[in-house]
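Residue-level structural notes
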Amino acid sequence: QEFAATAQAQAPAQPAQQARIDALIRQLSNSDGKVRLDAREALVKIGSPATPALTQALGHRDPLVRAAAATALGQIGDPQAIPSLTQLLLNGKALGDGKAAAEALAQIGPPAIPALEQARKDVNPDVRRAAEETLARIRQSASAANVATQAPAQQTAAQTPTQTPPQTTKAPVFAEPALPEPVRR
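Residues numbered from 1 in each chain as written. Predicted model: local features only at pLDDT ≥ 70, side-chain atom pairs only at ≥ 80, totals over all residues. Heavy atoms only, no water.

For helix 2 (residues 33-46), spanning 14 residues, the distance from its first C-alpha to its last is 20 Å, which sits close to the expected 20 Å at 1.5 Å a residue. The backbone nitrogen of Lys34 has a side-chain oxygen 2.9 Å away, supplied by the residue at the start of helix 2, namely Asp32. Looking one or two residues beyond helix 2, the residue adopting positive phi is Gly47, at roughly 85 degrees. (Helix = DSSP H or I, 4+ residues; strand = E, 2+ residues; numbered from the N terminus. Expected span 1.5 Å × (residues − 1). Polar contact = N/O pair within 3.5 Å; in protein donor to acceptor, adjacent residues only side chain to side chain.)

Below, the structure is given as structure tokens:
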């Protein structure tokens, strides 16, 4: 899975936008799942200006609100959310809190590594395991991204002949293309 897009520079929300953000945050606690989903998606579209309100929502009494806020923060990808998401990972009140926080940190990607390295030292084995798994995902995704960006350069270099290949009279041999390995998550 790719990391969330790099967050745009966080500008404070304008008053009208802040009122919309506040209304959307309230909708995260609506009993209708569709309303909650639409509110979360709208907050993600707003982006970084919604980060402060979403980080506050991580402390909401309703675990569904906390999970929606964590999911939105991961999708936004604003590194300013890392401390709050790490606190949710370490001190979540409900079973799903740590999982939602870990998923969001994985989406933020490499900027979350220092916080996750600290979480690996937590006394709670569930927190340590979540931190380890999230670090592994981030590193695997970063490694895959590096391979993907290097492959075109290597391919171009391989396609640029340095000298003319010798002419042969043998029939060409074609190898079957290798199938990609299945992605394991």
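Having seen it, we continue.
Below, the discussion takes up the nonpolar core. Buried together is how nonpolar side chains tend to be arranged in soluble globular proteins. Ranked by internal contacts, the top residues of the largest apolar core, which has 40 residues, are Ile25, Leu28, Leu43, Leu54, Leu85, Leu89 and Leu116. Those elements that provide at least two residues to this core are helix 1 (15-27), helix 2, helix 3 (51-57), helix 4 (63-76), helix 5 (82-91), helix 6 (95-108), helix 7 (113-119) and helix 8 (125-159). The element best represented in this core is helix 4, accounting for seven residues. The residues touching Ile25, leaving out its near neighbours within four places in the chain, are Leu43, Ala53, Leu54 and Ala57. (Core = buried A, V, L, I, M, F, W, Y, C linked by side-chain atoms within 4.5 Å. Buried < 20%, exposed > 50% of the residue type's maximum accessible area, 1.4 Å probe, protein only. Contact = heavy atoms within 4.5 Å.)

With respect to the helices and strands, Asp78 occurs in the loop between helix 4 and helix 5. No salt bridge is formed by the buried Asp78, whose closest oppositely charged neighbour, Arg40, lies at an N-O distance of 16 Å. In this structure the side chain of Asp78 is engaged in a polar contact, spanning 3.1 Å, whose partner is the side chain of Thr51. (Lys, Arg positive; Asp, Glu negative; His and termini not counted. Salt bridge = Lys/Arg side-chain N within 4 Å of Asp/Glu carboxyl O.)

So, about the environment of Ala67. Mapping Ala67 onto the fold places it in helix 4. Assessed through its relative accessible area of 26%, Ala67 is described here as partly exposed.

On average, residues of the protein score 83 in pLDDT, and 74% of them reach the 70 mark or higher. When the criterion is pLDDT under 50, residues 1-9 qualifies, and its contacts beyond four places in sequence or with other chains add up to 28 contacts. Note that residues 168-179 has pLDDT below 50 and, in this model, zero contacts with residues that lie over four places away or in other chains. (pLDDT = per-residue confidence, 0-100.)

Moving on to the side chain of Thr55. In this fold, Thr55 is placed in helix 3. On the accessibility criterion, Thr55 (19% relative accessible area) is buried. Here Thr55 is in contact with Leu73, Ala81 and Ser84, once residues within four sequence places are set aside.

The contact between helix 5 and helix 6 brings their axes to 8 Å, and the two run at 150 degrees. Our classification of the angle between helix 5 and helix 6 gives roughly antiparallel. Helix-helix and strand crossings are classified by hand; for helix 5 and helix 6 the assignment is left-handed. Between helix 5 and helix 6, the contacting residues are Ile82, Leu85, Thr86, Leu88 and Leu89 on the first element and Asp97, Gly98, Ala101, Ala102, Ala104, Leu105 and Ile108 on the second. Within the contact of helix 5 with helix 6, the residues separate by chemical class into nine nonpolar, two polar and one charged. (Axes fitted to C-alpha atoms, helices over the stretch in contact; angles between N-to-C directions. Parallel < 35°, antiparallel > 145°, perpendicular 65-115°, else oblique. Left-handed = near helix turned anticlockwise from the far one by under 90°. Nonpolar A, V, L, I, M, F, W, Y, C, P; charged D, E, K, R; others polar.)

Across all of its chains, the model carries seven salt bridges by this definition. Note that Glu132 and Arg120 form a salt bridge whose closest N and O atoms lie 2.6 Å from each other. Taken together, the positions of Glu132 in helix 8 and Arg120 in the loop between helix 7 and helix 8 put the pair twelve residues apart, joining distant regions of the chain. Residue Glu132 is classed as partly exposed on the basis of its relative accessible area of 38%. Residue Asp126 is joined to Arg129 by a salt bridge in which the shortest nitrogen-to-oxygen separation is 2.4 Å. Residue Asp126 and its partner Arg129 are both found in helix 8; the two are separated by three residues, about one turn of the helix. Taking relative accessible area as the criterion, Arg129 reaches 46% and is therefore assigned partly exposed. Connected through shared salt-bridge partners, Glu117, Arg120, Glu132 and Arg139 make up one network.

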